[in-house]
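# Residue-level structure breakdown
Single-letter residue listing:
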Protein chains: 2
Amino acid sequence: MTMQDARTRGIGWHKSYLTGPTGSARPDLRVPVRQVHLTNGRDVTLYDTSGPYTDPSVDTDVRRGLAPLRENWIIARGDTAEYPGRPVRPEDDGLRHTAPRGGLRNLDAVFPGRPRLPRRGRPGQPVTQLAYARRGETTPEMEFVALRENVPVEIVREEIAAGRAVLPANVNHPEIEPMIIGKRFLVKVNANIGNSAVTSSIEEEVEKMTWATRWGADTVMDLSTGRNIHTTREWVLRNSPVPIGTVPLYQALEKVDGRAEELTWDVYRDTVVEQAEQGVDYMTVHAGVLLRHVPLTARRKTGIVSRGGSIMAAWCLAHHRENFLYENFDELCDILAGYDVTFSLGDGLRPGSIADANDAAQFAELRTLGELNTVAKRHHVQTMIEGPGHVPMHKIKENIDLQQEICEEAPFYTLGPLTTDIAPAYDHITSGIGAAMIAWWGTAMLCYVTPKEHLGLPDRDDVKTGVITYKIAAHAADLAKGHPGAQEWDDALSDARFEFRWEDQFNLALDPDTARAFHDETLPAEPAKTAHFCSMCGPKFCSMKISHDIRRTHGGADLESGPAAGTGEREGTEEEIRAGLEAKSAEFAAAGNRVYLPIAD
Amino acid sequence: MTMQDARTRGIGWHKSYLTGPTGSARPDLRVPVRQVHLTNGRDVTLYDTSGPYTDPSVDTDVRRGLAPLRENWIIARGDTAEYPGRPVRPEDDGLRHTAPRGGLRNLDAVFPGRPRLPRRGRPGQPVTQLAYARRGETTPEMEFVALRENVPVEIVREEIAAGRAVLPANVNHPEIEPMIIGKRFLVKVNANIGNSAVTSSIEEEVEKMTWATRWGADTVMDLSTGRNIHTTREWVLRNSPVPIGTVPLYQALEKVDGRAEELTWDVYRDTVVEQAEQGVDYMTVHAGVLLRHVPLTARRKTGIVSRGGSIMAAWCLAHHRENFLYENFDELCDILAGYDVTFSLGDGLRPGSIADANDAAQFAELRTLGELNTVAKRHHVQTMIEGPGHVPMHKIKENIDLQQEICEEAPFYTLGPLTTDIAPAYDHITSGIGAAMIAWWGTAMLCYVTPKEHLGLPDRDDVKTGVITYKIAAHAADLAKGHPGAQEWDDALSDARFEFRWEDQFNLALDPDTARAFHDETLPAEPAKTAHFCSMCGPKFCSMKISHDIRRTHGGADLESGPAAGTGEREGTEEEIRAGLEAKSAEFAAAGNRVYLPIAD
């Protein structure tokens, strides 16, 4: 593996790229990383989701969109073809009542960037990473994630083939940097964005997406529900380096003026095709909310809290018929297989309160999702399963264990869970606790929760706080799972902390800006960044400084050759230690008995 | 149990008091609670740590201090006596070099409030809650916490007698509202305050204490290390409704000008007496850092990160003698027993990084703490054990299990633990995850971590964020442990959420101010507080509204008598459900098929 630097090495960090072995068949395979340059001359390489925006050598323009990195890979497979596509209609943007009737708009009007036609698999031919993996084919996407995760590509292919991992990558979203979601890989984080009838704009949504990925979001769901849904999505997709997920039901409902009972399979299918042609990488589908499940929610403390779940429940009741998504699931699978859209089978009946956790309604739906998972796999559609919600700590493990059993280890994708209901405005924290735990136990991707959950729409700061909180949960889980290499990051930061390399500590932090700002509040002067004490204790009381002194005079660097050598992680004999300490004690006295060394300024 | 309201019932909430049964022997036993008044006419009673400051009928004055609630209880026991006490010296406040030499100051000069003499047990007579409990005596303090925790007083006495719980209550701190720390009770939270050589003032520290308890801190540790230590502590104690903890070693070190090797047992003992006379309720004592443990830390990633631990390690090495706290532990026990100061046996060798978690040094010290716990109990001194630190999730349980085994179930009191090192500026979150888990598994009290950990001194906002985060962790653990009554709080809030009672949601929140502010950012108008939709989804998409509709027309209130009756938490037969849904479907159509109801004004 070699390293291509985007620009000359500077202070701090910069964007860099991992490439395959020299002479590899794929010179176009460049995996972005964040390369942190430490003041001790070492480098630390971190996973990077921020896309070309953090590469100063790339000229990005949101009106043009990102370069279609995967386009040649997709074309080279020869199993897809462009086609005219479904015409874009005013109602796709929720404009039925305000725009002139009958006017069709084409994609050029929606997005000013490079013109394109949608692409799909030839009839009856699944063009999914799952289908390729099952045939034993290694795609460039698989090679990309293998490099990115630092694992053999065989593992990637096997996990996808077994349905234990998904690689969401719509053939119409060639701009993405491929990533993988599965329990044998790094735990991933999704950030939700989306306008609503109440507030927000297209520009804000695109900005939220780039902002979320800058802080580490691995995928972004566009949950827009108001005007300009289609156009917003187009802009987000063309500018997104990460897979984009949606809930097609929200847009379908807009098309029938918000009247759930007027939803039809035709409207829904048309919406799925519309979004698949745009390039949506995974779709939440609430096909598991069955007619017979609905009465199970009647005595709940908080009923149905999933928007999609409640819409489908209302439809089922209004028509007294089975969920049309469940009834037409085979056809839906065929559509998704033609674009490699990944299923995210929605948990429409997830608990919305501690009282409702793990109840009959929730687990009845999970069993249905298990059935649907089997059907989807038969059609070679990549599939993950969504999970709760609000769950107290002692009921979390049952969720992941049952999901893994029922859904044949398909990736679990959970919202938190929130471990208590009592802290609105802090639900990133109530849920970060549950998220870390459930990810440790096997959840592959975590859907973030922001401080505004239950209260309002997240702004820029909320998105950042949500993403950082969930990166903490994900990384804590990577550590607990013993993910290879995960602890190197912690070790590098702790080394920097112990050696008072403040700048390295900041640059290695999940959020360097805030870490630096907090330090500066107490000790703003530049010398404090190199001073051998922390701002908490002042110069006289620093325990790390005392520790250094102990190490220097009583064992550290010269421990190897000293009498206490070899006692590192086990206790030496009483005698060994005594001898060692006596010798060291003399050294300590000879050095003037000084525990506190003069502060270098 | 009856309720005494501090003022007439108003909107929102107010301070109230629980008293014993009518005709009880103790009319002076009034347990403070936060009484939340819901708009549906119901009340929710919450545990309250904020002291008289939130009772508008009490006239507080920080220069006078709080009323000595426990004074009569202590006097009535007849086992303590006032005595002149140790003279206060300028060096107690770190003023050796600046104040005129030899000048003695009395307590009146230190604190302007009511003059008092210190009190202690008659010679050889332990006056600890542990001694009383072992003799089968029920103290008013035990009755107070029994009411406060809503458990029989026998449980309180038994848990204290067994050493599984502590009730920290120095006879010289009569101002406190008694509280209990033990795994059978609500999980408690400690907040640290303390000036340092670099910044802060007396007034700020007192204000931090009242601020921390306002948000739910159950105890406060005063970790001051700079000037005016004695005076700051006096002001904090006289104004604190919660137990105060300290680390006497910090002040002892000040008295020898910060030179660890000049520390002596005499200086330390004098400092302990000084602080015990002031009323410190529990003291962290680093008696478990033994000479033979120190080499075990030499190869650590981050050495010794506990200030107390590193000071004692330096002393041991400088003198090549055993820790003087360990050597004089019996005498120390006798002193503490005379004031009912509780031991918090410090984990001076706790891991300061993920790499060092659960290592030989940490567990060697834990075994020593186990020995010391046994000695302390022999002297009838209440004892809790401090725990780490930085620990990845998969290594957390071993900590609590081992501590419980080695220390005969003495209360565990842990700092976090932090589950990753990579997020400076967010260590309230990295540690809140670990705190919730370890508390679920049995930790009795959690020492908070603020966002400034590792970076600087916490300000007012940081203290609040730290306390709220830890209240979340503690409550999540109470839920997971199935603590009786814990879920009532969540249920009340979730009911309010489902019924769109926004004001009730805010008033029940851990932080009503922020919850209300976040909601107002998106939908500031007053009608939005009662509107039947949430600010996230807008009026058309609210899942809760749809759920209500389902409940009303398909099972909810009239489920009892309808054809689907009894299907609540279990699935009915196919036939029952079909019959029920058909009947309901007709109702739905009759009501105009309206899923979305008109929004109230």
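Residues numbered from 1 in each chain as written. Chains lettered and ligands numbered in written order. Predicted model: local features only at pLDDT ≥ 70, side-chain atom pairs only at ≥ 80, totals over all residues. Heavy atoms only, no water.

## Description of the pattern of salt bridges
Residue and element names in this part refer to chain A. Just so we agree on the cut-off: We define a salt bridge as a contact between a side-chain nitrogen of Lys or Arg and a carboxyl oxygen of Asp or Glu at a distance within 4 Å. Only DSSP runs of H or I with at least four residues qualify as helices, and only runs of E with at least two residues qualify as strands; both kinds are numbered from the N terminus onward. Think of it in three bands: residues with accessible area under 20% of the maximum for their type are buried, residues over 50% are exposed, and the middle band is partly exposed, with areas taken using a 1.4 Å probe on protein chains only.
Tallying each qualifying case throughout the model produces 78 salt bridges over all chains. The shortest N-O distance in the salt bridge between Glu274 and Lys255 comes to 2.6 Å. Taken together, the positions of Glu274 in helix α9 (residues 265-278) and Lys255 in helix α8 (residues 248-255) put the pair 19 residues apart, joining distant regions of the chain. Residue Glu274 is classed as buried on the basis of its relative accessible area, which comes to 2%. Given a relative accessible area of 9%, Lys255 falls into the buried group. Look at the salt bridges and you will find they share partners, linking Arg86, Arg89, Asp92, Arg233, Lys255, Asp270 and Glu274 into a network.

## A short note on unusual backbone geometry
Outside of glycine, negative phi angles account for most residues, and trans bonds account for most peptide bonds. The step from Pro388 of chain A to Gly389 of chain A runs through a cis peptide bond, and the omega angle for that step is 10 degrees. Here Gly389 of chain A shows up in the loop between β14 (383-387) and α14 (396-406). The amide bond that connects Gly416 of chain B to the next residue, Pro417 of chain B, takes the cis arrangement and shows omega of 10 degrees. Tracing the backbone shows Pro417 of chain B in the loop between β15 (412-415) and α15 (427-440). One non-glycine residue with positive phi stands out, namely Glu408 of chain B, at about 50 degrees.

## Points about the packing of aromatic side chains
Two numbers describe a pair of aromatic rings. These are the distance of the centres and the angle of the planes. All names here are of chain A. Rule in force here: Here a pair means two rings of Phe, Tyr or Trp (six-membered ring of Trp) with centres within 6.5 Å. Their orientation is stacked below 30 degrees between planes, edge-to-face above 60, and tilted elsewhere.
Considering all chains together, one arrives at 19 aromatic pairs over all chains under this definition. Ring centres of Tyr268 and Phe324 lie 6.0 Å apart, and the angle between their planes is 65 degrees; this geometry places the pair in the edge-to-face category. You can see Tyr268 sitting in helix α9 and its partner Phe324 sitting in helix α11 (residues 324-327), a full 56 residues away along the chain. Looking at Tyr268, the relative accessible area reads 0%, which means it is buried. On the basis of relative accessible area, Phe324 is assigned to the buried category, the value being 3%.

## Here we look at the pairing of strand β4 (residues 43-47) of chain A
Residues and elements named next belong to chain A. Heads up, the rule is: Here a strand pair is declared whenever DSSP counts at least two bridges between the two strands.
Pairing analysis gives 5 bridges linking strand β3 (residues 30-37) to β4, with the strands arranged antiparallel. In the strand pairing of β4, Gln35 is matched with Thr45. Between the antiparallel neighbours β3 and β4 lie 5 residues, among them Gly41 with a positive phi of about 90 degrees.

## What to know about the UniProt feature "binding site: Zn(2+)" (unreviewed entry) in chain A
This is how the line gets drawn: UniProt positions are given in the numbering used here, feature names are shortened, and annotations may be inferred rather than shown by experiment. The contact criterion used throughout is that any non-hydrogen atoms of two residues lie within 4.5 Å. N or O atoms closer than or at 3.5 Å make up a polar contact, with two conditions inside protein: a donor-capable atom paired with an acceptor-capable one, and, for residues adjacent in sequence, both atoms drawn from side chains.
As recorded in UniProt, the feature "binding site: Zn(2+)" (unreviewed entry) lies at His390 and His454 of chain A. In sequence the annotated residues extend across 65 residues, while in space they remain close, none of their C-alpha pairs exceeding 12.2 Å. Classification of His390 of chain A by relative accessible area gives buried; the value is 6%. With near-sequence residues (within four places) excluded, His390 of chain A lies in contact with Pro351, Gly352, Ser353, Ile354, Ala357, Leu418, Asp421 and His454 of chain A together with Arg497 of chain B. In terms of polar contacts, His390 of chain A uses its side chain to reach the backbone carbonyl oxygen of Gly352 of chain A, at 3.3 Å.

## As for the sheet that holds strand β10 (residues 219-222) of chain B
All names here are of chain B. Using the following cut-off: Every angle, taken between N-to-C directions, lies between 0 and 180 degrees, and every axis is a line fitted to C-alpha atoms, over only the stretch in contact when it is a helix.
In spatial order, the strands read β9-β10-β11-β12-β13-β14-β15-β16; together these 8 strands close into a barrel with parallel pairing. Shown here is a sheet whose adjacent strand axes are inclined to one another by a mean of 25 degrees, direction ignored. With 3 bridges joining them, strand β13 (residues 342-345) and strand β14 (residues 383-387) adopt parallel strand pairing. Bridging from a neighbouring strand, Ser344 pairs with Met384 of β14.

## A word on the pairing of β15 of chain B
Residue and element names in this part refer to chain B. Cut-off, in case you're wondering: For the handedness criterion, the strands are oriented away from the viewer, and a crossover whose path from the first strand over the helix to the second runs clockwise is classed as right-handed.
Where burial is concerned, the two faces of β15 agree: the one with Phe412 and Thr414 and the one with Tyr413 and Leu415 are both buried. Inspection of the sheet shows β14 paired to β15 by 3 bridges, in the parallel sense. Bridging across to β15, Ile385 finds its partner in Phe412. Assessed by its sense of winding, the connection that carries the chain from β14 through helix α14 (residues 396-406) to β15 is right-handed. Once you follow β15 into α15 and on to strand β16 (residues 445-447), the crossover reads as right-handed.

## A short note on the packing of helix α16 (residues 460-480) of chain B against helix α17 (residues 486-498) of chain B
Residues and elements named next belong to chain B. Worth spelling out the cut-off: Reported orientations rely on four angle classes, namely roughly parallel under 35 degrees, roughly antiparallel over 145, roughly perpendicular from 65 to 115, and oblique for the rest. Here the term charged refers only to Asp, Glu, Lys and Arg, the term nonpolar to Ala, Val, Leu, Ile, Met, Phe, Trp, Tyr, Cys and Pro, and the term polar to all other amino acids, Gly among them.
Put simply, α16 and α17 touch, their axes get as near as 8 Å, and they point 110 degrees apart. Classed by the angle they form, the pair α16 and α17 counts as roughly perpendicular. Residues His475, Asp478 and Leu479 of α16 form the contact with α17, whose participating residues are Ala486, Gln487, Trp489 and Asp490. Grouping the constituent residues of the contact of α16 with α17 by class yields 3 nonpolar, 2 polar and 2 charged.

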